[in-house]
Amino acid sequence: MRRLRQLAERTPATRERYVDLLRALAITMVVIGHWGVTVIGYDRSGRPAGHSALGDLPWAWPLTWVAQVIPVFFLVGGYANAASLAARRARGGTATGWLIDRSARLARPTTALLVVLATGAAVATLRGADPTQVRTVVWFATIPLWFLVAYLIVVPLTPPMYALHRRFGLAVPLVLVALVVLGDLGRLLGPAGLAGGNYLFGWLAVHQVGFAWYDSRAPARSDGEATGPGAPEPRGLRRRRLPLSRRAGAALLGGGLAALLLLTVVGPYPVVLLNVPGERLDNAAPPSLALLAAATAQLGLILLLREPAQRWLRRPRPWQAVIAVNAVVLTVFLWHLTAAVLLVGLLDALGVLPTPPVGTAAWYAWRIPWLLALAVVLAALVAVFGPIEARTRRPPDTGPAREGARRLRTALAVLGYAGLVTGLLLNSLVRKAAPEPLGLPAPALVAYLAGAGVLRLLRSGWGTRG
């Protein structure tokens, strides 16, 4: 508590605390949503199995318009990435240094998860477990990593995309939305391959809006632009700003909801914004125009609530709670389905695993104790692995490197991120019933650890001279 109080007291007055609150709320909603819709039963071989209840609860599909909060995470990610990149440059640092620094907070907790899962899977396989079943368990535990793949692509694109934002402003996300529309036309009319780019264009569009939010804050700027009273407005700043007024919020909320209704109720898009087998397309994988309409409505709601939330966050206790959650927010996200695997395994071993049919009174009644039990297990996991994330510190800025060394570090940083993305992507693409003794495909694990190793070497300061 003393540490939290110290951190809260040192918070700069210019910090947009609302961004931190939104990040914490978004991850919390993802965790509760995944837990809440999980249906546990037994497969034909008598082993526990799980799936989503959304396919059996069509009445809940409109609730995903609020519950699908991954766009919120990309929105606040855009703000945070722009802020930290601008601050690094204001100190005389480089985009490469920022990229290497940014990798620590993402890679360290993820590496811990993958190493623990691979080790546990290897032990289970050596003790005679079926490698196919081992893979199924690990596949379920690593479902959160599909999101991290997209984010690990967006982060290294931040320097060039922020440069585009500073030149063209909100025109950039509009172009990206147009590309999403083109991809959707491919999904609906063919060729379906056109939709592949939506995995990048959709999330980049939301991330760019986060840049605009950062450029809208006043009066102080950490990147050297003066926007206070009496200072001339930098050329082109107006087109880079996101309107933050309540009127703008109401317009975005109303326009987003109207577009979403037209696209889903009248148009060809499913009402549900999460994957449901049998629907004509998945709104989230890749992001569709309907998902971006929902993101627009969510942005409007965020702006409407911004002022009261900012006042509330000026109070010590709420702000300390937000700081505490954000210190381990990625750990919570990464381990929340592992918590479900552990709880199901424990209850099954004890012979007390409830498996009421979805939609019954017993199933609804089981939601509360189920969530509470999962929260206890996750709290234990965060207590063990949270310090890996919470203790990640930004390394001190290094002195200037020679041109050759600078280019080498940039190339290695990109290569490191490529290794992370390749490893996580390979894991996501390998089917859950594949016989994998390590639970994870060996090439995926090698690629990820190689990328993490390169970035760790760069964070240690290698190549800053020469």
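The residue numbers shown here count from 1 along each chain, following its written sequence. Reporting in this predicted model follows two pLDDT cut-offs: at least 70 for local features of residues, and 80 or more for side-chain atom pairs to be given and counted; totals over whole chains, interfaces and linings ignore these cut-offs and use all residues. The side-chain values count all of the structure's non-hydrogen atoms but skip hydrogen atoms and water molecules.

Quick notes on the overall build of the chain
So, step 1. Helix numbering and strand numbering both begin at the N terminus, where a helix is a DSSP run of H or I of at least 4 residues and a strand a DSSP run of E of at least 2. Each helix and strand in the chain was counted, giving 18 helices and 2 strands.
So, step 2. The globule rule used for comparison is 2.2 Å times the number of residues to the exponent 0.38, while the radius of gyration itself is calculated over C-alpha atoms. Taking 466 residues into account, the globule formula puts the C-alpha radius of gyration at 23 Å, and the chain, at 23 Å, falls close to it.
So, step 3. Here the C-alpha coordinates of the chain stretch approximately 70 × 55 × 55 Å along the principal axes.
So, step 4. Residue pairs in contact within the chain that sit at least 24 positions apart in sequence constitute 80% of those at least 6 positions apart. The contact rule is simple, with two residues in contact once any of their heavy atoms fall within 4.5 Å.

Overview of the confidence of the model for the chain
So, step 1. Confidence scores labelled pLDDT are given residue by residue by the predictor and lie between 0 and 100. On average, residues of the chain carry a pLDDT of 90, and 91% of them reach 70 or more.
So, step 2. For the stretch residues 219-224, pLDDT sits under 50, and the model shows 22 contacts to residues farther than four places along the chain or on other chains.
So, step 3. Predicted confidence for residues 226-232 stays below pLDDT 50, and this span has 13 contacts to residues more than four positions away or in other chains.

Overview of the packing of helix α9 (residues 171-189) against helix α10 (residues 198-216)
So, step 1. Axis definition: a line fitted to C-alpha atoms, over the contacting stretch in the case of helices. Angles run 0 to 180 degrees between N-to-C directions. In the contact formed by α9 and α10, the axes pass within 9 Å of each other and the chain directions differ by 155 degrees. Compared by their axis directions, α9 and α10 come out roughly antiparallel. You can see that α9 and α10 cross each other, and the crossing is left-handed. Of α10, the residues touching α9 (which contributes V172, P173, L176, V177, L179, V180, G183, D184 and R187) are N198, F201, G202, L204, A205, Q208 and V209.
So, step 2. Gly falls in the polar group here, along with every residue not listed as nonpolar (Ala, Val, Leu, Ile, Met, Phe, Trp, Tyr, Cys, Pro) or charged (Asp, Glu, Lys, Arg). Split into classes, the residues belonging to the contact of α9 with α10 amount to 10 nonpolar, 4 polar and 2 charged. Each angle receives one of four descriptions, namely roughly parallel if under 35 degrees, roughly antiparallel if over 145, roughly perpendicular if within 65 to 115, and oblique otherwise. Left-handed is the label given to a crossing in which the near helix is rotated counterclockwise from the far helix by less than a right angle, and right-handed is the label when the rotation is clockwise.

Observations regarding α9
So, step 1. If you check α9, its first and last C-alpha atoms are 27 Å apart, about what 19 residues at 1.5 Å a residue would give, namely 27 Å.
So, step 2. Among the residues making up α9, those that are buried are V172, P173, L176, V180, G183, D184 and G186. Down the axis of α9, the buried side of the element spans an arc of 150 degrees, and every buried residue falls inside it. Turned more than 90 degrees from where α9 packs its buried face, L174, V175 and L189 sit exposed.
So, step 3. Turning to α9, the residues buried within the fold contact α8 (158-168), α10 and α13 (289-313).
So, step 4. Following α9 by one or two positions, G190 has its phi on the positive side, about 95 degrees. A helix is expected to span 1.5 Å multiplied by its residue count minus one. When accessible area is computed with a 1.4 Å probe and restricted to protein chains, residues below 20% of their type maximum are described as buried, those above 50% as exposed, and intermediate ones as partly exposed. Working definition: the arc comes from the directions between the helix axis and the C-beta atoms, pointing outward to the latter.

Structural notes on the layout of surface pockets
So, step 1. In this analysis the probe radius is 1.4 Å and the grid spacing 1 Å, with only protein atoms considered; a cavity is a set of points the probe fits into but cannot get out of, a pocket is an open set with protein on both sides within 12 Å along at least five of seven lines, and lining residues have an atom within 4 Å of a point. Grid points are joined across faces, edges and corners, and a volume is the space filled by probe spheres set on the points. If you add up the space inside the second largest pocket, you get close to 1,900 Å³.
So, step 2. Elements with a contribution of two residues or more to the lining of the second largest pocket: α1 (2-9), α2 (17-36), α4 (70-90), α5 (95-126), α14 (316-327), α15 (329-350) and α16 (361-390).
So, step 3. At 9 residues, α4 tops the list of elements feeding residues into the lining of the second largest pocket.

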